[in-house]
Amino acid sequence: MNILLLIAFFDSFLFPRNILFEHQFNPAYLHQERFEIILASETRFELSELQTFGVYSQINRYSLKAVSFGSNVYRENFLEVGFGFPVARKFAFGLHVAGLNTWIKDYSNEFAYTLKAGGQFESDPFIIGMWVNNLNVPRVSSDDYAPISYSVRFEYRAQRNLNFDFAIQGVEAELPFYNFGLTFVPHEMVLFGISINTKPILLQYGLKIALGSTFLSYSGSRHQQLGLTHNLGLGISP
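Residues numbered from 1 in each chain as written. Predicted model: local features only at pLDDT ≥ 70, side-chain atom pairs only at ≥ 80, totals over all residues. Heavy atoms only, no water.

Caption draft 1: Representation of the layout of surface pockets. Its volume calculated, the largest pocket comes out at about 1000 Å³. In this structure, the largest pocket is lined by 35 residues; those nearest its centre are His23, Arg34, Thr183, Leu191 and Lys208. Top element by residues in the lining of the largest pocket is strand E1 (residues 34–43). It accounts for four residues. Taken together, the residues of the lining of the largest pocket break down into 14 nonpolar, eleven polar and ten charged. For the lining of the second largest pocket, the secondary structure elements donating two or more residues are strand E9 (162–171), strand E10 (177–187), strand E11 (190–198), strand E12 (201–211), strand E13 (214–223) and strand E14 (227–236). Top element by residues in the lining of the second largest pocket is E13. It accounts for four residues. Each residue belonging to the lining of the second largest pocket can be placed in one class, and the counts come to 15 nonpolar, 15 polar and nine charged. (1 Å grid on protein atoms, 1.4 Å probe; cavity = no way out; pocket = protein on both sides within 12 Å on 5 of 7 lines; lining within 4 Å. Points joined across faces, edges and corners; volume = space filled by probe spheres on them. Helix = DSSP H or I, 4+ residues; strand = E, 2+ residues; numbered from the N terminus. Nonpolar A, V, L, I, M, F, W, Y, C, P; charged D, E, K, R; others polar.)

What follows is the structure in structure tokens.
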């Protein structure tokens, strides 16, 4: 149970886990119609107590996401629905609504809900994406709550197969931190991603391989003190 003190209440859901998952986190990205289903499993810092299992799907401009994080002692469950739509030729807006559940064995079982809003402005070769998470500051007790988090991300398509990203991110009134990354598609079947996060200092990386309508993904990060995090995904996108 002590290892869970490393993770604040719903800390896992404040920011995208990796550069490969940014499109799942900003609801404005849902304005681009697609069909996609992803099953994923993650182990944070190679600790069985910090395992995450999830499913993500998008159908047309709507999404559904279900995630369960923790162990048989402490667990967080997350169920989210979202939609996005174009507002003007270059601007899109989206909204996520999620139910939160925290369960502590023989102690408590609490529920709350959260709201997230996002926007996107696109003028080739630039994309500016922004979102604000936990707009309603959800609480499960007088002490435990999920703080507001935010992000403003700048994307530059240097070439058709090469993107550079820079994001300013933060939590409530704390000083912001930064994320620098790039994605590279050397072949239509393969995508590489790498980024550096400044708080905490993390090296994040990802690989996605498409096999027809099916794709496999591996992503991870390395924390200076806590070690490695691994995420495996299997998806379908016709």
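Caption draft 2: Broad picture of empty space enclosed by the protein. Counted according to the given criterion, the structure contains one cavity of 30 Å³ or more. There is about 400 Å³ of room inside the largest cavity. Elements represented by at least two residues in the lining of the largest cavity include exactly helix H1 (22–25), E1, strand E2 (51–60), strand E3 (62–70), strand E4 (74–86), strand E5 (91–104) and strand E6 (108–123). Top element by residues in the lining of the largest cavity is E2. It accounts for five residues. Per-class residue counts for the lining of the largest cavity are 18 nonpolar, ten polar and five charged.

Caption draft 3: Representation of a nonpolar patch on the surface within the structure. On the surface, Phe35, Ile37, Leu39, Val55, Ile59, Met189, Ile209, Leu211, Leu216, Leu234 and Ile236 cluster together to form a nonpolar patch covering roughly 880 Å² of accessible area. Of the residues forming the nonpolar patch, the biggest block, three residues, is contributed by E1. Assignment of secondary structure puts Val55 in strand E2. (Patch = residues over 30% accessible without salt bridge, like charges linked within 9 Å, V, L, I, M, F, W, Y side chains within 5 Å. Areas by Shrake-Rupley, 256 points an atom, 1.4 Å probe, with all protein chains shown as cover. Salt bridge = Lys/Arg side-chain N within 4 Å of Asp/Glu carboxyl O.)

Caption draft 4: Representation of the pairing of E10 within the structure. For E9 and E10, the ladder comprises eight bridges, and the chain directions are antiparallel. Its bridge partner lying in E10, Asp165 is registered against Gly181. Where E9 folds back on E10, the antiparallel hairpin that results is connected by five residues, among which Glu172 adopts a positive phi of roughly 45°. Two strands pair when backbone bridges link them, and E10 and E11 are joined in this way by seven bridges, in the antiparallel orientation. For Phe180, the partnering residue across the bridge sits in E11 and is Ile196. Counting the residues that bridge the hairpin from E10 to E11 gives two residues. (Pairing = 2+ DSSP bridges.)

Caption draft 5: Spatial organisation of the pattern of salt bridges. Evaluated as defined, the whole model comprises seven salt bridges. Here Glu22 and Arg153 are joined by a salt bridge, their closest N and O atoms 3.4 Å apart. Highlighted residues: Glu22 in helix H1 and Arg153 in strand E8 (residues 149–159), separated in sequence by 131 residues. On the basis of relative accessibility, which here comes to 7%, the residue Glu22 falls in the buried class. Of the charged contacts in the structure, one is a salt bridge between Glu80 and Lys116, with a shortest N-O distance of 3.9 Å. In this pair, Glu80 sits in strand E4 while Lys116 sits in strand E6, placing the two residues 36 residues apart along the sequence. (Buried < 20%, exposed > 50% of the residue type's maximum accessible area, 1.4 Å probe, protein only.)

Caption draft 6: Inspection of the environment of Trp131 at higher detail. Tracing the sequence through the fold places Trp131 in strand E7 (residues 126–133). Taking the C-alpha atoms as reference, Trp131 lies 6.3 Å from Gly119; in sequence the two are twelve residues apart. Every residue in contact with Trp131, bar those within four places of it in the chain, is listed here: Leu14, Phe15, Pro16, Glu22, Phe25, Asn26, Ala117, Gly118, Ser149, Tyr150 and Ser151. (Contact = heavy atoms within 4.5 Å.)

Caption draft 7: Geometry of the environment of Asn197. Mapped onto the elements, Asn197 comes out in strand E11. The spacing of Asn197 and Tyr178 is 19 residues in sequence and 6.0 Å in space, taken between C-alpha atoms. Residue contacts for Asn197: discarding those within four places in its chain leaves Gln169, Phe177, Tyr178, Asn179 and Leu202. Separated by 3.3 Å, the side chain of Asn197 and the backbone oxygen of Lys199 make a polar contact. (Polar contact = N/O pair within 3.5 Å; in protein donor to acceptor, adjacent residues only side chain to side chain.)

Without other data, these values stay purely geometric and don't point to any function.
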